[in-house]
Amino acid sequence: DTEVTQTPKHLVMGMTNKKSLKCEQHMGHRAMYWYKQKAKKPPELMFVYSYEKLSINESVPSRFSPECPNSSLLNLHLHALQPEDSALYLCASSHRTGDSPLHFGNGTRLTVT
Amino acid sequence: ELKVEQNPLFLSMQEGKNYTIYCNYSTTSDRLYWYRQDPGKSLESLFVLLSNGAVKQEGRLMASLDTKARLSTLHITAAVHDLSATYFCAVDNNNDMRFGAGTRLTVKP
């Protein structure tokens, strides 16, 4: 069982839709991450929040917009996505950035039609 | 730019055999992690290696870190089918966790 909860588990959206992915953790972790994983590839870092502030943005297109409302929640807002954005989106958290492992959620499998 | 290279990318082994997966990286980081991913599932943390010479063992898996060589190894002893999965190493570089390409391990009876 994962202690990082992601919703929804599956999402199908058209290229003109706006949707949001949600992530929640109650382990007191102060760092939260978004990763994108394509099939048979490693996770690619998208965003890092440390103490609720965006600390890393890996040149992700603006159609992906992260939000960290509080230390337990992380959202990823999606707008005008492309079919190539279809992937597994993984949220992770860690005690603090740098010296503790990531705890991953089960991911949201996104399909853009 | 930090690069993390794993080899082999694919590994098919028989039950009971031993093998080692290698992870090379390009920075001076001393924080290296190993994760496991089962098909269709998320990633699970296996080992955290935070200093030169660190060695961690859990069951049939043992991980080590040589920061001078920028090399980590994941050794599998007497493999069993349940170890079939994809194994990723990851290196932390100033709060940026970069993953290797992964080693897809298949253990056959």
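Residues numbered from 1 in each chain as written. Chains lettered and ligands numbered in written order. Predicted model: local features only at pLDDT ≥ 70, side-chain atom pairs only at ≥ 80, totals over all residues. Heavy atoms only, no water.

Caption draft 1: Representation of the interface of chain B and chain A within the structure. Tallying the contact residues gives 21 residues for chain B and 22 residues for chain A. When the buried surface of chain B facing chain A is broken down by residue, Ser42(B), Asn95(B) and Phe99(B) rank first, second and third, together holding 30% of it. Taken together, chain B and chain A are joined by zero salt bridges. The tally of links between chain B and chain A comes to five residue pairs in polar contact (both at pLDDT 80 or more). Elements with a contribution of two residues or more to the side of chain B that touches chain A: strand S4 (32–37), strand S5 (43–49), strand S9 (85–93) and strand S10 (96–99) of chain B. Per-element accounting of the side of chain B that touches chain A gives the leading share, four residues, to S10(B). When its residues are assigned to classes, the side of chain B that touches chain A shows nine nonpolar, seven polar and five charged. (Contact = heavy atoms within 4.5 Å. Buried area = accessible area lost by both parts, 1.4 Å probe. Salt bridge = Lys/Arg side-chain N within 4 Å of Asp/Glu carboxyl O. Polar contact = N/O pair within 3.5 Å; in protein donor to acceptor, adjacent residues only side chain to side chain. Helix = DSSP H or I, 4+ residues; strand = E, 2+ residues; numbered from the N terminus. Nonpolar A, V, L, I, M, F, W, Y, C, P; charged D, E, K, R; others polar.)

Caption draft 2: Inspection of the nonpolar core at higher detail. Residues Leu32(B), Trp34(B), Leu74(B), Ile76(B), Tyr87(B) and Leu105(B) are the most contacted members of the largest nonpolar core, which totals 25 residues. When contributions to this core are tallied by element, the ones reaching two or more residues are strand S2 (10–14), strand S3 (19–25), S4, S5, strand S7 (61–66), strand S8 (71–76), S9 and strand S11 (103–108) of chain B. Element by element, the count of residues in this core is highest for S9(B), at four residues. Excluding anything up to four places from it in sequence, Tyr87(B) contacts Gln6(B), Ile21(B), Tyr35(B), Arg36(B), Leu46(B), Leu61(B), Leu74(B), Gly102(B), Thr103(B) and Leu105(B). Formed by 22 residues, the second largest nonpolar core is a distinct cluster that contains Leu11(A), Leu21(A), Leu74(A) and Leu110(A). (Core = buried A, V, L, I, M, F, W, Y, C linked by side-chain atoms within 4.5 Å. Buried < 20%, exposed > 50% of the residue type's maximum accessible area, 1.4 Å probe, protein only.)

Caption draft 3: Structural view of the packing of aromatic side chains. For the coordinates displayed, the defined rule picks out nine aromatic pairs over all chains. Note on Tyr35(B) and Phe99(B): the rings are 5.5 Å apart at their centroids and 45° apart in plane angle, and the pair reads as tilted. Note that Tyr35(B) is positioned in strand S4 and Phe99(B) in strand S10, a separation of 64 residues in sequence. The same class applies to Tyr35(B) as to Phe99(B), namely buried. Taken together, the ring pairs connect Tyr33(A), Tyr35(A), Phe104(A), Tyr33(B), Tyr35(B), Phe88(B) and Phe99(B) into an aromatic cluster. (Phe/Tyr/Trp six-rings, centres within 6.5 Å; stacked < 30°, edge-to-face > 60°.)

Caption draft 4: Looking closely at the pairing of S5(B). All names here are of chain B. Where S4 meets S5, six bridges bridge the pair, whose relative direction is antiparallel. Of the residues in S5, the one forming a bridge with Tyr33 is Val48. Taking the residues that link successive antiparallel strands as the turn, the S4-S5 hairpin has five residues, and the phi of Gly40 there is positive, at about 75°. (Pairing = 2+ DSSP bridges.)

Scope: geometric values only; no functional claims are made or implied.
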